[in-house]
Amino acid sequence: DRGPKTSYSVIGEIKGSEKPNEIILVGGHLDSWDVGGGAHDDGAGCVHSMEVFHLLKNLNYKPRRTLRCVLFMNEENGLAGGTTYAKVSRVNNEFHFAAIESDAGGFTPLGFSYDGDTSILKNYTGYFSNWNDLLSPYGIEFAKGGSGADIGPLKEQKGILFGLTPDSQRYFDFHHTENDRIQGVHPRELALGSAALTSLVYLLDRIP
């Protein structure tokens, strides 16, 4: 036991052109379990989150809201990255319009689960219905459920929280095992997850 050490989350953002004080966050966590390489848990989520920025930049998309990519530290051993991020956000009087986490592996995406304060969820149900019409041909659907451990502390801001839902059939072949290495991540499945996240970020940014 070496005791606690200081470590850092990594944050990048693109400032919004119309609503810069409303943040859409997409993220994963940097740390991994003490066996394997953390490729699915959660290297894939970190790659997903950075790839959202890469894809939108390649499309020359100018976001209306501020987009923020956060690679959280210390999810596996205490959630210090997520809780500290929320604490600093509170001190800075920030508002996260939406926060999305990818922490279920780099497998084929099936949809998004969503969560939020009960007082605000009713404001979004119409959007989810329309988005299901748009994305269901690609196998992506929205359903009420959990979001992600790192973004959970942001719920108090009364934005909406999402978790990427990949195909979970093989997840526990890798989760916290020696097998969780980059060779177990299929490039196309990883790319599909990035595309799904980018689509959601775009749709959220277009909400009036």
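Summarised in this report is the structure supplied together with it. Note that the structure is a prediction, hence the values are computed from the model and not measured.

**So, the packing of helix α4 (residues 125-135) against helix α6 (residues 187-206)**
Piece 1. Look at α4 against α6: their axes get within 12 Å of each other, and the N-to-C directions meet at 140°. Viewed along their axes, α4 and α6 adopt a mutual orientation that is oblique. Once α4 is placed against α6, the crossing between them reads as right-handed. Taking contact as the criterion, the partners of W131, L134 and L135 in α4 are, on α6, S199, L200, L203 and L204.
Piece 2. Residue classes in the contact of α4 with α6 are distributed as 6 nonpolar, 1 polar and no charged.

**So, the pattern of salt bridges**
Piece 1. Under the definition given, this model contains 10 salt bridges.
Piece 2. Two residues, R90 and E156, come together in a salt bridge whose shortest N-O distance is 2.5 Å. Here E156 lies in the loop between β6 (141-144) and β7 (160-166) and R90 lies in helix α2 (residues 80-91), a separation of 66 residues in the sequence.
Piece 3. A cluster of three or more residues bridged by salt bridges with shared partners is formed by E13, K15, R68 and E94.

Procedures and definitions
- Residues numbered from 1 in each chain as written.
- Predicted model: local features only at pLDDT ≥ 70, side-chain atom pairs only at ≥ 80, totals over all residues.
- Heavy atoms only, no water.
- Axes fitted to C-alpha atoms, helices over the stretch in contact; angles between N-to-C directions.
- Helix = DSSP H or I, 4+ residues; strand = E, 2+ residues; numbered from the N terminus.
- Parallel < 35°, antiparallel > 145°, perpendicular 65-115°, else oblique.
- Left-handed = near helix turned anticlockwise from the far one by under 90°.
- Contact = heavy atoms within 4.5 Å.
- Nonpolar A, V, L, I, M, F, W, Y, C, P; charged D, E, K, R; others polar.
- Salt bridge = Lys/Arg side-chain N within 4 Å of Asp/Glu carboxyl O.

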